[in-house]
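Here is how the chains run, residue by residue.
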Amino acid sequence: MHTSYIELSKSAMRNNVSYVRSRLPEGTTLSAVCKGNAYGHGIEQVVEMAEAAGIRHFSVFSSSEARRVQQSIRHKSTIMIIGYIANEELSWAIENNIEFYVFEMDRLLAAIETAKAAGKKAIIHIEVETGMNRTGFEENVLPLLFDLLRENKEYLQLQGLCTHFAGAESVANYLRVEQQIAKYHVLYDRFCNEGLQPKLRHTACSAAAINFPETTFDMVRVGIMLYGFWPNEETYIYQLRQQEHKGKDPLKRLIRWKSHIMNTKKVKMGEFIGYGTSYQAPRDMHIATIPVGYAYGFARSLSNLGRVLVRGRRMHVIGVVNMNLAIIDINELPDIQKGEEVVMVGKQGRQEVTVASFSEMSSQLNYELLTRLPLDIPRKIVK
Ligand SMILES: *Cc1c(COP(=O)(O)O)cnc(C)c1O
């Protein structure tokens, strides 16, 4: 027995893939971003569900994630590393047709050398700096980059020209994103004029793909929306206001995180519950413990704030969240028994604990809460 379990809905994945596709121009490749252990959902399960939904392109951050995707794919899907790969691992990547970003000279030179030694082309995506100021080739090195790309055509396949936007989910960044788009166009033209036409142009994450349709180009790299979440509240409101949705969320969450009641107890009015004095029983109370704490991704900041579902009803977390367990107030349903199902995230009956509400309370982003779900919670694909 584990202390908690994650269920992942295959039909929700299919729904989200088809919704995202409906927002893309015909022929745009949809790359499923599964960095951060597929936003905490589990790479193996997500790859299986995504391929079943027709996805044939996966983006990961690192080479270790790329290996996990590689072991999970059942089709001829493409794997692209958008972040870290050590030079020593380039030969593995090249041998296995794993594509990777190149945003600095050292990796480029290593890729050329490795490809020479392997007698096989490295399939690369050149990332250019357009204003995010994170990774990407700066303009002043472009002449050198062009020379290297031309001189080593035998060893390099220029698969993509890419960039990433600095906050396409918020209108506050509108100007900056627009400037990035303009810059990207200029840079793309420069590559083409140098005789270096990349096969794919790709710039958009979830927020850019739906808020700035002109950024979808040949491929989009979509993460959070495939898992059924909006990039942020602002994008959700903006999109939902559009008539076509009639106020109904077109995305469906994949994840349900559940546990069970570990123990129940009665506590007298005036007693403190749990460590210290953060919660004092305001009346005689029935309480229950659940075997999830901050070591399992149930944030400590949910102390006295979190909500979980039991029998389809919302129950409050009381006292501080411990390393391995949390305490809830079950006064409303005092006959709750050991072993009954508790839902920390997702639906139970007609109620739902959304990651959004959850993360607002623990002042984490969707992204952060999800990716903190530990690797060793068992994950199961359900209908
Ligand atoms: C994380 C990431 C994405 C996907 O972002 P979402 O908001 O989850 O869609 C796309 N591109 C890059 C470079 C990223 O790092």
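Residues numbered from 1 in each chain as written. Predicted model: local features only at pLDDT ≥ 70, side-chain atom pairs only at ≥ 80, totals over all residues. Heavy atoms only, no water.

1. Quick word on the overall build of the chain
- Looking only at helices and strands, the chain has 12 helices and 18 strands in total.
- By the burial criterion, 54% of the 383 residues in the chain qualify as buried.
- In the chain, the proportion of contacts linking residues at least 24 apart, taken out of those at least 6 apart, comes to 66%.
- For the chain, the accessible surface area stands at approximately 17500 Å², while carbon and sulfur atoms represent 50% of it.
- A distance of 8 Å separates the average location of the 46 positive side-chain charges in the chain from that of its 41 negative side-chain charges. (Helix = DSSP H or I, 4+ residues; strand = E, 2+ residues; numbered from the N terminus. Buried < 20%, exposed > 50% of the residue type's maximum accessible area, 1.4 Å probe, protein only. Contact = heavy atoms within 4.5 Å. Areas by Shrake-Rupley, 256 points an atom, 1.4 Å probe, with all protein chains shown as cover. Lys, Arg positive; Asp, Glu negative; His and termini not counted. Charge placed at Lys NZ, Arg CZ, Asp CG, Glu CD.)

2. Some thoughts on the nonpolar core
- One finds Phe100, Leu108, Ile126, Phe191, Phe298 and Ile328 to be the most contacted residues of the largest nonpolar core, which totals 110 residues.
- Counting residues domain by domain, this core receives three or more from each of domain 1 (10-242) and domain 2 (255-382).
- When residues no more than four places from it in sequence are discounted, the contact partners of isoleucine 126 are Val102, Phe137, Leu145, Leu149, Leu158, Gly160, Leu161, Cys162 and Phe191.
- One finds Val267, Ile273, Ala281 and Ile318 within the second-largest nonpolar core, a separate group that totals eight residues. (Core = buried A, V, L, I, M, F, W, Y, C linked by side-chain atoms within 4.5 Å. Domains from an automatic or database assignment.)

3. A short note on the domain arrangement of the chain
- By the assigned domains, the chain splits into domain 1 (10-242) and domain 2 (255-382).
- Each of domain 1 and domain 2 was reduced to a C-alpha centroid, and the two centroids are 37 Å apart.
- Between domain 1 and domain 2, the contact holds 16 residues from the first and 12 residues from the second.
- Buried area between domain 1 and domain 2, both sides added, is near 1200 Å², and the carbon and sulfur share of it is 63%.
- Area buried by domain 1 at its contact with domain 2 is led by Tyr39, His41 and Phe229, which between them contribute 35% of it.
- On inspection of domain 1 and its partner domain 2, the count reaches zero salt bridges.
- Our count for the domain 1 to domain 2 interface comes out at three residue pairs in polar contact (both at pLDDT 80 or more).
- Across the side of domain 1 that touches domain 2, the residue classes tally to six nonpolar, six polar and four charged. (Buried area = accessible area lost by both parts, 1.4 Å probe. Salt bridge = Lys/Arg side-chain N within 4 Å of Asp/Glu carboxyl O. Polar contact = N/O pair within 3.5 Å; in protein donor to acceptor, adjacent residues only side chain to side chain. Nonpolar A, V, L, I, M, F, W, Y, C, P; charged D, E, K, R; others polar.)

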